[in-house]
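# Geometric and topological summary
Now for the letters of each chain:
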Amino acid sequence: MEYFKTKRDMLLHFLFWSCVFVFSTASASWYYADTQELLEVYGFRVLLQMVVAYTIIGFLVPKVLNRGGGLVFSFAVIALFAIIHAFCTFYLVAYLIPHYPSTYEVFLTRFEAPTFQSIYINFNQFFSKSLYYAYPCVILIAISFYRERQQLLELHEKKREAELNALKNQLNPHFLFNTLNSLYLLALKKSDKTVRVIENLSHILDYMLYRCDKKYVLLKDELLLINKYIELEQIRYGKRVKVAFDESITGEEKIAPLLLLTFVENAFKHGVSEAIDTASIQICVENKDNSLLFKLNNTKPKGVEKTSERKNLGLSNVKKQLELLYPNKYRLNVENGSTAYTTELELCL
């Protein structure tokens, strides 16, 4: 049976039924003068409760209900309770009443004759006994539903983490290639900037590969990463680009890693690399009313009308991260104007 996959499952079910038995006997101990009678009555009843629970959960639900047989399932459950009620009534009439007649004197006054048929066809008896035998099954179904729900949430969380890791690990090979190219040229020229490029590149790679594995990181660390990236690109492009970076933050805010870097990368790839004249990039980061406001504006090269597929991919990845980490807690607006690209992002911190 699926319910008993491990020894731990068997132990948990044993403890559950032990609790049901103890609760039943403790709540009815005042009614029975003889301890043996109490154990015989509730030992038999717990056994029938187990039959009901495992028949419904282990067979009827997976084999009938889950396969679309709702009506058949309903009739099968009613038939099951009818059979269980028959066993219960037979045990009462054939064994309990003859052996412990004093216990059932008041009970038998409800019926014209204390026979199996008169007790069995009594609707009140059938209904009350069915509820009694069903309640452990209902509890087990609720526990099972809760466990499955928790497992689904864990799987969803693992899936989400895997997706985020995949998105964060998409290190742009073009950036790395271009930076190494620039480093090679600077080394040939024996430029003083070579050491600075190596230092910045080392910081970026270290951060991307090892230091941003958490769901949220300090915003000041993210902005330091962006500053390192901008410095590298400024060394590469020289006077072809002017960058203004305004930061109005406390530094202790937390944000999902590598979100903002994608926008800055796009600004250089599509606003600077394709520009003939001097390009301009303006970046503003502000913490306002516990919301992070990020605005980026970069000039658009003449003759560029459509957004490239690669840029769409980068923005698509960012949007996926935002949906995963900031559901209903962000606003992203990207405008492709005639002379500039404008990106505005607002995050609820």
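See the structure shown above.
Summary of the structure given here. Treat the numbers as computed from the prediction; the structure is a model and nothing was measured. (Residues numbered from 1 in each chain as written. Predicted model: local features only at pLDDT ≥ 70, side-chain atom pairs only at ≥ 80, totals over all residues. Heavy atoms only, no water.)

### Concerning the sheet that holds strand β2 (residues 241–248)
- Spatially, the five strands line up as an open sheet ordered β2-β4-β5-β7-β6, and their pairing is mixed. Looking at which strands have only one partner, the edges of the open sheet turn out to be β2 and β6 (330–336). Here the average twist between neighbouring strands, direction ignored, is 5 degrees.
- Inspection of the sheet shows strand β5 (residues 291–299) paired to strand β7 (residues 340–348) by nine bridges, in the antiparallel sense. Paired with Asn 298 across the bridge in β7 is Tyr 341.
- Where helix α9 (residues 219–237) meets the sheet, it contacts β2, β4 (279–288) and β5, and its direction lies at approximately 170 degrees from that of β2.
- In the packing of helix α10 (residues 259–271) onto the sheet, the strands contacted are β2, β4, β5, β6 and β7, and the crossing angle to β5 comes to about 10 degrees. (Pairing = 2+ DSSP bridges. Helix = DSSP H or I, 4+ residues; strand = E, 2+ residues; numbered from the N terminus. Axes fitted to C-alpha atoms, helices over the stretch in contact; angles between N-to-C directions. Contact = heavy atoms within 4.5 Å.)

### Let's talk about α10
- The first and last C-alpha atoms of α10 sit 19 Å apart over 13 residues, in line with the 18 Å expected at 1.5 Å per residue.
- Most of α10 is tucked away: 12 of the 13 residues are buried.
- Considered for burial, the residues of α10 that qualify are Leu 259, Leu 260, Leu 261, Thr 262, Phe 263, Val 264, Glu 265, Asn 266, Ala 267, Phe 268, His 270 and Gly 271. (Expected span 1.5 Å × (residues − 1). Buried < 20%, exposed > 50% of the residue type's maximum accessible area, 1.4 Å probe, protein only.)

### Points about the side chain of Glu 233
- For Glu 233, the position within the fold is in helix α9.
- Filtering out sequence-adjacent residues up to four positions away, Glu 233 remains in contact with Gly 238 and Phe 268.

### What to know about unusual backbone geometry
- Of note, Asp 289 is a non-glycine position whose phi angle comes to about 55 degrees, a positive value.
- With respect to the helices and strands, Asp 289 occurs in the loop between β4 and β5.
- Asp 289 gets classed as exposed once you look at its relative accessible area, which sits at 71%.
- Positive phi, normally seen in glycine, also occurs at Asn 328, with a value near 60 degrees.
- Within the secondary structure, Asn 328 is located in the loop between α11 (309–325) and β6.

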